[in-house]
Amino acid sequence: DVLTLESQNQYENIGIQNNGLSVGLRWKKLYGSVSANLFTSNFGPIDSLRQFETVELPDGSSYRGRVIPWNPKVQKGVNASLTYYQSEKTKYNYQFRQFDETVSMYGQVRRPQFRPYAIDDVFHTLRTDHSFLIESYLTPDLYLQSTTGYNRYARISETTRLDIEPDTTSLVLGAQDTALFTAILHRSSLSSQFDRKINGQIGIEVLHETGGGGRIIDSTTLPINRAILSNFAAWGSIRYQPASTFTLQANLRAGYNTKYSHPLVPSIHAHWTPNRDWDVKLSYAHGFRAPTLKELHFNFIDINHFIIGNPDLKAENSQNLSLSTTYNKQKKNHRLSLKGKLFYNSIQNRIVLAEFESLKFNYQNLAVFETHGINLSGEYQWKDQLKLSAGYAYTRLYNVWSEFSDVATFIPLPEWSNELSFTIPKAEVFVVLTHRYIGQQTRFFTGSDGNVEQGFIGDYHFLNATLSKSFWKDRITLAAGGKNLLNTQAVPSTAGGGGAHSGGGTTTLINWGRNYFIRLNVRLSRPSWKR
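About the thresholds
- Residues numbered from 1 in each chain as written.
- Predicted model: local features only at pLDDT ≥ 70, side-chain atom pairs only at ≥ 80, totals over all residues.
- Heavy atoms only, no water.
- Helix = DSSP H or I, 4+ residues; strand = E, 2+ residues; numbered from the N terminus.
- Areas by Shrake-Rupley, 256 points an atom, 1.4 Å probe, with all protein chains shown as cover.
- Salt bridge = Lys/Arg side-chain N within 4 Å of Asp/Glu carboxyl O.
- Buried < 20%, exposed > 50% of the residue type's maximum accessible area, 1.4 Å probe, protein only.
- Patch = residues over 30% accessible without salt bridge, like charges linked within 9 Å, V, L, I, M, F, W, Y side chains within 5 Å.
- Polar contact = N/O pair within 3.5 Å; in protein donor to acceptor, adjacent residues only side chain to side chain.
- Contact = heavy atoms within 4.5 Å.
- pLDDT = per-residue confidence, 0-100.
- Pairing = 2+ DSSP bridges.
- Core = buried A, V, L, I, M, F, W, Y, C linked by side-chain atoms within 4.5 Å.
- Phe/Tyr/Trp six-rings, centres within 6.5 Å; stacked < 30°, edge-to-face > 60°.
- Lys NZ or Arg CZ within 6 Å of the ring centre and 35° of its normal.

K.L.:
Please give an account of the overall build of the protein that cites residues and values.
P.N.:
In terms of regular secondary structure, the protein is built from two helices and 33 strands. For the protein, the computed accessible surface area is about 30,100 Å², with 58% contributed by carbon and sulfur atoms.

K.L.:
I'd like to hear about the pattern of salt bridges, residue by residue, with values.
P.N.:
Pairing between side chains of opposite charge can happen when their charged atoms approach one another. Under the definition given, this model contains 12 salt bridges. Close ionic contact of Glu6 with Arg523 constitutes a salt bridge, the shortest N to O distance being 3.0 Å. Placement of Glu6 in strand E1 (residues 2–12) and of Arg523 in strand E33 (residues 515–527) is noted, with a sequence separation of 517 residues between them. Note that Glu135 is salt-bridged to Lys91, the shortest N-O span being 3.4 Å. Pair noted here: Glu135 is in strand E8 (residues 117–139) and Lys91 is in strand E7 (residues 90–105), with a separation of 44 residues, a long-range link. According to the relative accessible area criterion, Lys91 is partly exposed, its value standing at 28%. Among the charged side chains, a network of salt bridges with common partners joins Arg187, Glu205 and Arg253.

K.L.:
Could you give an account of a nonpolar patch on the surface, naming the residues involved and the relevant values?
P.N.:
A grouping of Leu5, Tyr11, Leu21, Val23, Phe471, Trp472, Leu478, Ile518, Leu520 and Leu524 is seen on the molecular surface, where their side chains present a nonpolar patch of about 870 Å² in accessible area. If you list the elements that add at least two residues to the nonpolar patch, you get E1, strand E2 (16–27) and E33. Per-element tally for the nonpolar patch: the top contributor is E33, with three residues. As for its position among the elements, Phe471 is in strand E29 (residues 460–471). With a relative accessible area of 38%, Phe471 lands in the partly exposed category.

K.L.:
Go over the side chain of Asn93, please, and point to the residues and values.
P.N.:
In this structure, Asn93 sits in strand E7. The class of Asn93 is buried, set by a relative accessible area of 8%. A polar atom in the side chain of Asn93 sits 3.5 Å from the side chain of Gln95. Those residues in contact with Asn93 that sit more than four places away from it in its chain are Ser81, Leu82, Thr83, Ser131, Phe132 and Leu133.

K.L.:
Could you give an account of the environment of Ser22, with specific residues and numbers?
P.N.:
Looking at where Ser22 falls in the secondary structure, it is placed in strand E2. With relative accessibility at 23%, the residue Ser22 sits in the partly exposed group. Taking the C-alpha atoms as reference points, Ser22 and Val78, separated by 56 residues in sequence, lie 9.6 Å from one another. For Ser22, the contacting residues outside a window of four places in its chain are Thr4, Leu5, Glu6, Val34 and Ser35.

K.L.:
Which residues make up the side chain of Asn484, and what values do they have?
P.N.:
With respect to the helices and strands, the residue Asn484 is situated in the loop between strand E30 (476–483) and strand E31 (490–492). When sequence neighbours within four positions are dropped, the list of residues in contact with Asn484 reads His461, Phe462, Leu463, Asn464, Asn511, Gly513 and Arg514.

K.L.:
Please provide a residue-by-residue account of the confidence of the model for the protein, values included.
P.N.:
In the predicted model, the protein carries a mean pLDDT of 88, and 89% of its residues have values of at least 70. Averaged pLDDT values over the elements of the protein bottom out at 66 in strand E17 (residues 300–301) and peak at 98 in E30. Considering only residues more than four positions removed or in separate chains, one finds that residues 496–504, a stretch of pLDDT under 50, has 30 contacts.

K.L.:
Go over unusual backbone geometry with me, naming the residues and quoting the values.
P.N.:
Glycine aside, the phi torsion of most residues is negative, and most peptide linkages are trans. Cis peptide bonds are those with omega within 30 degrees of zero, and the linkage from Glu165 to Pro166 qualifies with 0°. Residue placement: Pro166 occurs in the loop between strand E9 (142–163) and strand E10 (168–171). For Asn487, which is not glycine, the phi dihedral falls at a positive 60°. Take Asn487: it is sitting in the loop between E30 and E31. We classify Asn487 as partly exposed; its relative accessible area is 31%.

K.L.:
Would you mind going over the pairing of strand E12 (residues 198–213) in detail, with residue names and values included?
P.N.:
Residues in a regular strand point their side chains to alternate faces of the sheet. Relative to E12, strand E11 (residues 177–192) is paired through 13 bridges, and the arrangement is antiparallel. Looking at the pairing, Thr182 lines up with Thr210 of E12. A loop of five residues connects E11 with E12, the two strands running antiparallel in sequence. As paired strands, E12 and strand E13 (residues 226–243) are joined by 15 bridges and run antiparallel to one another. Bridging across to E13, His208 finds its partner in Ser230.

K.L.:
Let's hear about the nonpolar core: which residues, and what values?
P.N.:
Formed by Tyr260, Val265, Phe288, Ala290, Leu296, Ile307, Leu313, Ala315, Ile351, Phe361 and Tyr363, the largest nonpolar core amounts to 11 residues. Ile347, Val352, Leu366 and Leu413 belong to the second largest nonpolar core, which has nine residues in total.

K.L.:
Can you lay out the packing of aromatic side chains for me, pointing to particular residues and giving the numbers?
P.N.:
Taken as a whole, this structure holds 10 aromatic pairs when the rule is applied. Aromatic pair Tyr460 and Phe462: ring centres 5.4 Å apart, planes at 70°, arrangement edge-to-face. Each member of the pair Tyr460 and Phe462 is classed as buried. One aromatic cluster in this structure is built from Phe43, Trp70 and Trp512. The lysine or arginine in question, Arg161, covers the ring of Tyr117, its NZ or CZ lying 3.9 Å from the ring centre. One cation-aromatic arrangement involves Arg475 over Trp472; the distance from NZ or CZ to the ring centre is 4.7 Å.

See the structure below:
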């Protein structure tokens, strides 16, 4: 019987605070855990958050924006889990998660010389999840896994008027709204694990979603402020293993969607391990994704977002082909890992966000969208003293605009990441340096002729550093470091008027800049009582 207690606390100089506490207890056949988290971000006094300024852009244009463009936020989370081990063959697990977020958006002071006032917006989001899992060996060769979940998502929008003289607050009539979404999901699978070359699996899945609220618009239902979507699916798979080093698996999924035609979805996977150091995988899969209720009908409008659902969206259909290989070598105190992957994706009617006016978006389909590329990564580790890893991803994009590109038919989208971690001898200080390069990214907007067009966000780098040291037999860890040390805040953009955090048509805000943090973690574990 063991009791564990863990506390995680991080403070950043820009007004961000993140605190977490978790407790776990194992008693006989029961294991339970409860954790709570509080995250707050407040980038300045309320008076500072109400200030606006005119920003001059490098191209000579200007726009009116907030002095502090980031809005204060409070997030509260609770997770609870209870597992009952009935036997070595069967266990039951219940999980509960709740996420509560409040975002405050303070408006500019109007008529500052005569009875000043301001219009403020508060957006409250509450998400609750329940899930129940059963895992059991019905026989030594038949394994059952069954999950049932319920999700509730509520978003409350509230607009108030603050009269500074006198100091009173009142609701703005007609500017309040509540949107509610619920989802019920059940998934069960039965797998055979016979000691033979051929095994299989069958499964079913049921998803039922409902949505309602003043910003839910579905003209096909009565009332129009309520939407319903259901999806039913069943699948089967066969796994053939002629030798311990080779496995071939084929899957077929069939489904029914209440709004979209669900095709048969096949896939096939091959796995080869010629020796203990090498691992090779080859796979092909057909994909299908129906739009969600939020993409179809939810109008998500606040100070930072203006996103309109599109009831005319088509379902996505995709083809995926990938080949990957992994090499792992361990020799005494040295370990080397190398990974490579080639991939090809073709998506018809891909669902994207497109800007139809400055800072206003809706969902649109792209008839043609293809990507192919390569992912490479490597990691070297010496004892517990040094680890160096690097990863590079090179993706080439093809869509309806590619043929008009000035560069090439395929548009390159590179990314690169590096990490170096080591321990300083004697001082026993652990150092982690991380770097990430994000190449140009695509984004979409609606042109003057009403057609979807393509824009780009420029490339940028992030660099972070952390120093940490453990005390009291690793029960206490103290860390300090810096994020975004290169102070990357805004990058060039050709996204047709800006994005959700955009200051204008030629720049896009991506981060609040360089900041520093300190973190304290405490972990205690001991027998809960002596027999």
